[in-house]
Amino acid sequence: MVDTKKIYMAPMEGVTGFIYRNTFARFFDGIDKYYTPFISPGEHRNFKSRELKDVLPDNNAGLNVAVQMLTNNAEHFIVTARKMMDFGYREVNLNLGCPSGTVVAKGKGSGFLSFPEKLDAFLDEIYSGLADTGLDISVKTRIGRYEQDEFYELLDIYNKYPISELIIHPRVQKDMYRNTPRMEIFDYAVENSKNPLVYNGDICTVEDYERFAGHYLKNAENIPDEPKSDKERNNKESDKKSANITAVMLGRGLISNPGLAGQIVSGSCTDRSTLRNFFDELVLAYREEIPDEKNVVFKIKENLFYLVNLFEDKEEYWKRIRKSDNLMELAAIARRMIGDGEFYRKKD
Ligand SMILES: Cc1cc2nc3c(=O)[nH]c(=O)nc-3n(C[C@H](O)[C@H](O)[C@H](O)COP(=O)(O)O)c2cc1C
């Protein structure tokens with residue numbers, strides 16, 4: 001067990017929609033907040049039916065959910081944020097991280113990071129346009145489009161606004177998901193952000209979390225007054241800095257091991273019967289929601305793409321899962337894997 005901050009489930013388009021979130025919450029603990037995959041408020045200000053379903057209050061009852069939006073149009077953001085407020089949400093989130101080519105080409109997601117002046121004007125408009133609502137407006141950002149040095153200017157801009165939480169995935173767009181998170185830039189944010197920070201990126205195991213927590217979260221809650229010695233004073237300074245990290249956001253690691261947040265928070269183990277019941281419920285829920293079985297197969301495969309990582313023979317399992325296009329067969333392979341597969345352990 002480690003000293004924990006809050007833990008959030010990352011938005012993952014195609015993966016963490018309302019069916020996944022609800023099923024997950026029935027079986028696993030440890031998540032303080034869920035983020036919807038992005039919705040794209042459009043010209044006509046109406047949602048696609050898939051997007052609307054994902055944010056309908058009835059489909060998110062009992063969960064702490066923030067709605068993420070992908071846009072570079074302040075008016076669209078404001079109109080949609082107000083709708084979300086009418087739905088009962090207390091937080092909306094701006095996506096400044098999506099690295100997909102088509103999104104970036106339109107100057108949205110991490111593509112917006114290339115236009116700091118426009119971004120500044122956009123933020124000015126949305127924070128003033130929504131000031132009367134009391135909504136929390138958080139931002140999820142990469143650290144630049146091409147180079148990490150872009151982040152210094154970006155942080156100056158972010159510091160001008162009351163961002164409820166600045167969620168940082170310390171990669172640039174052109175990294176996509178390659179390379180490792182650029183922690184020196186996250187350090188810069190820890191030192192210089194005026195807004196609370198959330199860390200996101202490559203936390204896939206309890207050990208990853210412990211390493212992060214050991215470095216950034218130690219004693220952050222409990223800063224003693226009046227340091228006596230220089231050493232104490234130095235410690236106090238660094239503790240103060242880490243105190244502005246409010247949470248860690250988990251993405252691929254959590255979908256690979258849905259018990260990860262619970263393991264971090266309470267030291268519990270991911271047990272096979274919970275995992276199996278969760279998987280069965282997920283299949284059932286997707287079947288009820290999606291009429292075409294081919295699409296259910298696609299959804300389940302997308303999920304198993306991550307879940308196989310929990311097992312030692314993941315390549316072998318994935319080969320069989322990838323080949324199968326029959327739901328019953330797929331479910332049988334998955335059940336066998338969950339029931340008998342040896343859990344993966346990192347070799348020393
Ligand atoms: C399949 C997939 C879909 C994603 N969809 C979104 C999204 O809708 N909005 C968003 O902000 N980030 C999205 N992300 C990025 C994740 O939220 C997260 O920032 C990224 O995976 C890094 O965190 P991790 O290393 O814990 O996975 C997506 C990532 C993946 C792999």
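Residues numbered from 1 in each chain as written. Predicted model: local features only at pLDDT ≥ 70, side-chain atom pairs only at ≥ 80, totals over all residues. Heavy atoms only, no water.

Some remarks on the pattern of salt bridges
- Summed over all chains, the structure comprises 15 salt bridges.
- Residue Arg-26 pairs with Glu-281 through a salt bridge whose shortest N-O separation is 3.1 Å. Linking Arg-26 in helix α1 (residues 18-27) with Glu-281 in helix α12 (residues 272-289), this pair joins segments that are 255 residues apart in sequence.
- One salt bridge in this structure joins Arg-252 and Asp-202, with 3.0 Å as the shortest N-O distance. A residue pair is termed long-range when its members are at least 10 positions apart, and Arg-252 in helix α10 (residues 252-256) and Asp-202 in the loop between β7 (197-200) and α8 (206-216) qualify at 50 residues.
- Arg-252 sits in the partly exposed class, given a relative accessible area of 30%. (Salt bridge = Lys/Arg side-chain N within 4 Å of Asp/Glu carboxyl O. Helix = DSSP H or I, 4+ residues; strand = E, 2+ residues; numbered from the N terminus. Buried < 20%, exposed > 50% of the residue type's maximum accessible area, 1.4 Å probe, protein only.)

Let's talk about the nonpolar core
- Ranked by size, the top nonpolar core spans 95 residues in total, and within it Phe-77, Leu-123 and Tyr-158 carry the most contacts.
- If one sorts the elements of this core by residue count, helix α15 (residues 327-340) sits on top with seven residues.
- Two domains each provide a minimum of three residues to this core, namely domain 1 (6-266) and domain 2 (272-340).
- What Leu-123 contacts, discounting residues up to four positions off in sequence, is Leu-94, Ile-157, Tyr-158 and Tyr-161.
- In terms of nonpolar packing, the next biggest core, distinct from the first, is built from eight residues, Tyr-8, Ala-66, Ile-167 and Ala-247 among them. (Core = buried A, V, L, I, M, F, W, Y, C linked by side-chain atoms within 4.5 Å. Domains from an automatic or database assignment. Contact = heavy atoms within 4.5 Å.)

So, the domain arrangement of the protein
- Examined at the domain level, the protein breaks down into domain 1 (6-266) and domain 2 (272-340).
- A straight line from the C-alpha centre of domain 1 to that of domain 2 covers 29 Å.
- Listed as interface residues are 17 residues of domain 1 and, on the opposing side, 16 residues of domain 2.
- Carbon and sulfur atoms supply 69% of the area buried between domain 1 and domain 2, which totals about 1500 Å² over both sides.
- At the boundary of domain 1 with domain 2, the tally comes to two salt bridges.
- At the level of secondary structure, the elements contributing two or more residues to the side of domain 1 that touches domain 2 comprise α1 and α10.
- Among the elements that take part in the side of domain 1 that touches domain 2, α1 stands out by supplying seven residues, more than any other. (Buried area = accessible area lost by both parts, 1.4 Å probe.)

Concerning the packing of helix α14 (residues 314-323) against α15
- The contact between α14 and α15 brings their axes to 9 Å, and the two run at 165°. It follows that α14 is roughly antiparallel to α15 by the angle criterion. Between α14 and α15 the crossing geometry is left-handed. Here α14 contributes Tyr-317, Arg-320 and Ile-321 to the contact with α15, which in turn contributes Leu-330, Ile-333, Arg-336 and Met-337. (Axes fitted to C-alpha atoms, helices over the stretch in contact; angles between N-to-C directions. Parallel < 35°, antiparallel > 145°, perpendicular 65-115°, else oblique. Left-handed = near helix turned anticlockwise from the far one by under 90°.)

Looking at unusual backbone geometry
- The phi dihedral of Met-176 is positive, around 50°, even though this residue is not glycine.
- Residue class for Met-176 comes out partly exposed when judged on its relative accessible area of 29%.
- The phi dihedral of Asn-179 is positive, around 60°, even though this residue is not glycine.

Structural notes on the site of the ligand
- The environment of the ligand is formed by 18 residues, the closest being Pro-11, Gln-68, Asn-200, Asp-202 and Arg-252.
- Separating an oxygen atom of the ligand from a backbone N or O atom of Pro-11 is a distance of 2.8 Å.
- At 2.6 Å from an oxygen atom of the ligand is found a side-chain nitrogen or oxygen belonging to Asn-200.
- Protein contacts shield 89% of the accessible area of the ligand, which totals 610 Å² for the unbound molecule.
- Taken together, the residues of the shell around the ligand sort by class into eight nonpolar, six polar and four charged. (Near = heavy atom within 4 Å. Polar contact = N/O pair within 3.5 Å; in protein donor to acceptor, adjacent residues only side chain to side chain. Areas by Shrake-Rupley, 256 points an atom, 1.4 Å probe, with all protein chains shown as cover. Nonpolar A, V, L, I, M, F, W, Y, C, P; charged D, E, K, R; others polar.)

Comments concerning the sheet that holds strand β5 (residues 136-141)
- The strand order around the closed barrel built from eight strands is β1-β2-β3-β4-β5-β6-β7-β8, with neighbouring strands paired in parallel fashion. Going from strand to strand, the sheet's axes swing by 25° on average, the running direction of each strand aside.
- In the sheet, strand β4 (residues 91-96) pairs with β5 via six bridges, with the strands oriented parallel. From the neighbouring strand, Leu-94 faces β5, where its bridge partner is Val-139.
- Relative to β4, helix α3 (residues 74-87) is tilted by about 145°, and along the sheet it contacts β3 (65-69), β4 and β5.
- Across the sheet, helix α6 (residues 150-158) touches β4, β5 and β6 (166-168), and the angle it forms with β6 is around 160°. (Pairing = 2+ DSSP bridges.)

Notes on the state of the cysteines
- Within the structure shown, the criterion is met by zero disulfides.
- In this model Cys-269 remains outside any disulfide bridge; the closest cysteine sulfur is found in Cys-204, 18 Å from its own.
- A residue is classified by how much of its surface remains accessible, and Cys-269, at 64% relative accessible area, is exposed. (Disulfide = S-S within 2.5 Å.)

Let's talk about the side chain of Asn-95
- Assignment of secondary structure puts Asn-95 in strand β4.
- A distance of 3.2 Å separates a polar atom in the side chain of Asn-95 from a polar atom in the side chain of Gln-68.
- Among the polar contacts listed, one links the side chain of Asn-95 to the backbone nitrogen of Gly-97, at a separation of 2.8 Å.
- Dropping the residues within four chain positions of it, Asn-95 is found in contact with Phe-38, Gln-68, Met-69, Leu-70, Gly-109 and Lys-140.

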